[in-house]
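Structural overview for review
Chain residues, written in single-letter form:
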Amino acid sequence: RYVGENLAPALGTATRNYRVRVVGHVVETGAPLVIPANGVVIEGLGADSATPVSPAKSVIEWTGDVPLFDLNGKDYLVFRDFVAGYNGTTAAATAADRRAVFYANAQASSHCVFQNIRVKNYGSAANTLHGAFYVAGTLGAITNSVIRDIYATGLANFGMIIRDCQDTKIDNVRLYGAPAYKNPAIEDDGIYLPKF
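Residues numbered from 1 in each chain as written. Predicted model: local features only at pLDDT ≥ 70, side-chain atom pairs only at ≥ 80, totals over all residues. Heavy atoms only, no water.

**Remarks on the nonpolar core**
With 38 residues, the main nonpolar core has Ile42, Phe69, Phe79, Phe82, Phe102, Phe114 and Phe133 as its most contacted residues. For Phe114, the residues in contact, after removing those within four places along its chain, are Leu71, Phe79, Phe102, Phe133, Ile142, Val146, Ile147, Arg148 and Ile150. If you look at the next biggest cluster of nonpolar residues, it comprises 5 residues, including Ala100, Tyr134, Ala136 and Phe158. (Core = buried A, V, L, I, M, F, W, Y, C linked by side-chain atoms within 4.5 Å. Buried < 20%, exposed > 50% of the residue type's maximum accessible area, 1.4 Å probe, protein only. Contact = heavy atoms within 4.5 Å.)

Written out as structure tokens, the structure is:
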């Protein structure tokens, strides 16, 4: 249920090599989806924050004790205009399994765009979806990037953890969670912003 295309450098998209357009509701049983190359664009037809999600919009659903996307240290990535829906059924007391939409632990990514993404917990048990971003570890980072218009509900344990967001613009991020939810953590060259 996707349309893939090569992007022509002659059209001014030299840093964007491949685009996947998500159409309708897609269930990813092989998560995490490890980004294989620089310049990947994953976009949908739009993210609907209303319940239920409109069938005309784009939804990427996943289960398991894993993140949806492993950024894998790739640069010039674009994620936009879709709903990321977690449909796990087992509650977790810790974030050890890192159930988040975006994950980076051992490698940094830069010049990325994360925009107009709705994150929802479809799981039947409480506290199943941990957060929107888990970018930590010794080398995990998102730098020189844009994180804009992220709306997440049903989160637990953490909402957004980014070890290093140097020169990254963060705008209009709204995170809501269960009772176990903790404030987002953003670290930029030693500056810690507990919530925004």
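**As for the environment of Gly24**
With respect to the helices and strands, the residue Gly24 is situated in the loop between β2 (18-22) and β3 (25-28). Linking Gly24 and Leu45, residues 21 residues apart in sequence, is a C-alpha distance of 8.2 Å. (Helix = DSSP H or I, 4+ residues; strand = E, 2+ residues; numbered from the N terminus.)

**Overview of the pattern of salt bridges**
Here the structure, examined in full by the defined rule, presents 5 salt bridges. In this structure, Glu43 engages Arg19 in a salt bridge whose closest nitrogen and oxygen atoms are separated by 3.7 Å. In this pair, Glu43 sits in strand β5 (residues 40-43) while Arg19 sits in strand β2, placing the two residues 24 residues apart along the sequence. Judged on exposure class, the residue Glu43 and its partner Arg19 are both buried. The shortest N-O distance in the salt bridge between Glu43 and Arg80 comes to 2.7 Å. In this pair, Glu43 is assigned in strand β5 and Arg80 in strand β8 (residues 78-86), connecting sequence segments 37 residues apart. Residue class for Glu43 comes out buried when judged on its relative accessible area of 8%. Each of the salt bridges in this network shares a partner with another, and the network as a whole consists of Arg19, Arg21, Glu43 and Arg80. (Salt bridge = Lys/Arg side-chain N within 4 Å of Asp/Glu carboxyl O.)

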